[in-house]
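Listed below are the residues making up each chain.
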Amino acid sequence: MRWLFLFLILSVVSCKTNSQSNDVAEHSAVLPNKGFKLLENGDTLTYVNKTELEWNQELSPQEFYVLRKKGTERSFTGEYWDNKKEGLYTCRACDLPLFASDTKYKSGTGWPSFWKPVNEEFIRRDTDYDLGYARTEVMCDRCGGHLGHVFKDGPPPTGLRYCINSVSLKFEESSKE
């Protein structure tokens, strides 16, 4: 009887794990084989495909940890969490435009927070179970770099909070004319 009970428990755990990994595999950060994506406006987004060794050589240790290993910088330590300048935030790894300063707001979390990306097609989403529950991870769609997470507790008009690691971003200040 004990063996049957143990078998049933292991079967349930195995099914749940396989179900979760299949769900994640469907939405994984692996880039499509085509090498590019046709955007709604007809433009083409060309993917950046590099090896982990190439990324490791190009990025600082902190950038590599966050962008390629899905790490998180400590809150209130990043370069842009309190940036109030006007400009554009791009992907630190591939320079894809991601967020505009006019969508940035003070969330109190200690990370740069935005209520929408420059273009929804430039953001890839995946389900992340790293903390034991489902969260929506956001990544750069061109290079697959981890940016942070999106939550449904943001301000109008979207109600979203893109909570982004500063180290995943570069900031290009608007020129004053």
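All values reported here derive from a predicted model rather than from experimental measurement.

1. Topic: the pattern of salt bridges
Where charged atoms from two side chains of opposite charge come close, those side chains can pair. Applying the stated criterion to the full structure yields twelve salt bridges. Between Glu120 and Arg125 there is a salt bridge, with the nearest N and O atoms lying 2.7 Å from each other. Because the salt bridges share partners, they merge into one network encompassing Lys37, Arg124 and Asp141.

2. Examining the side chain of Thr103
Relative to the helices and strands, Thr103 is located in the loop between strand E4 (97-100) and strand E5 (104-105). Apart from residues lying up to four places away in sequence, Thr103 is in contact with Ser113, Phe114, Trp115 and Lys116.

3. Quick look at the nonpolar core
The nonpolar side chains of soluble globular proteins are, as a tendency, buried together. Grouped together as the largest cluster of nonpolar side chains are 27 residues, with contacts concentrated most on Cys91, Leu96, Leu98, Phe99, Cys143, Ile164 and Leu169. The set of elements that each furnish at least two residues to this core consists of helix H3 (61-67), strand E3 (87-91), E4, strand E8 (135-140), strand E9 (146-151), strand E10 (161-164) and strand E11 (169-173). Apart from residues lying up to four places away in sequence, Leu169 is in contact with Tyr80, Tyr89, Thr90, Arg92, Leu98, Phe99, Phe114 and Ile164.

4. Notes on the sheet that holds E11
Spatially, the three strands line up as an open sheet ordered E4-E3-E11, and their pairing is antiparallel. The strands lining the two open edges of the sheet, one partner per strand, are E4 and E11. Direction aside, the axes of adjacent strands within the sheet are offset by 30° on average. Here E3 runs beside E4; their pairing, made up of three bridges, is antiparallel. Following the sheet pairing, Tyr89 is matched in E4 by Phe99.

Parameters and conventions
Residues numbered from 1 in each chain as written. Predicted model: local features only at pLDDT ≥ 70, side-chain atom pairs only at ≥ 80, totals over all residues. Heavy atoms only, no water. Salt bridge = Lys/Arg side-chain N within 4 Å of Asp/Glu carboxyl O. Helix = DSSP H or I, 4+ residues; strand = E, 2+ residues; numbered from the N terminus. Contact = heavy atoms within 4.5 Å. Core = buried A, V, L, I, M, F, W, Y, C linked by side-chain atoms within 4.5 Å. Buried < 20%, exposed > 50% of the residue type's maximum accessible area, 1.4 Å probe, protein only. Pairing = 2+ DSSP bridges. Axes fitted to C-alpha atoms, helices over the stretch in contact; angles between N-to-C directions.

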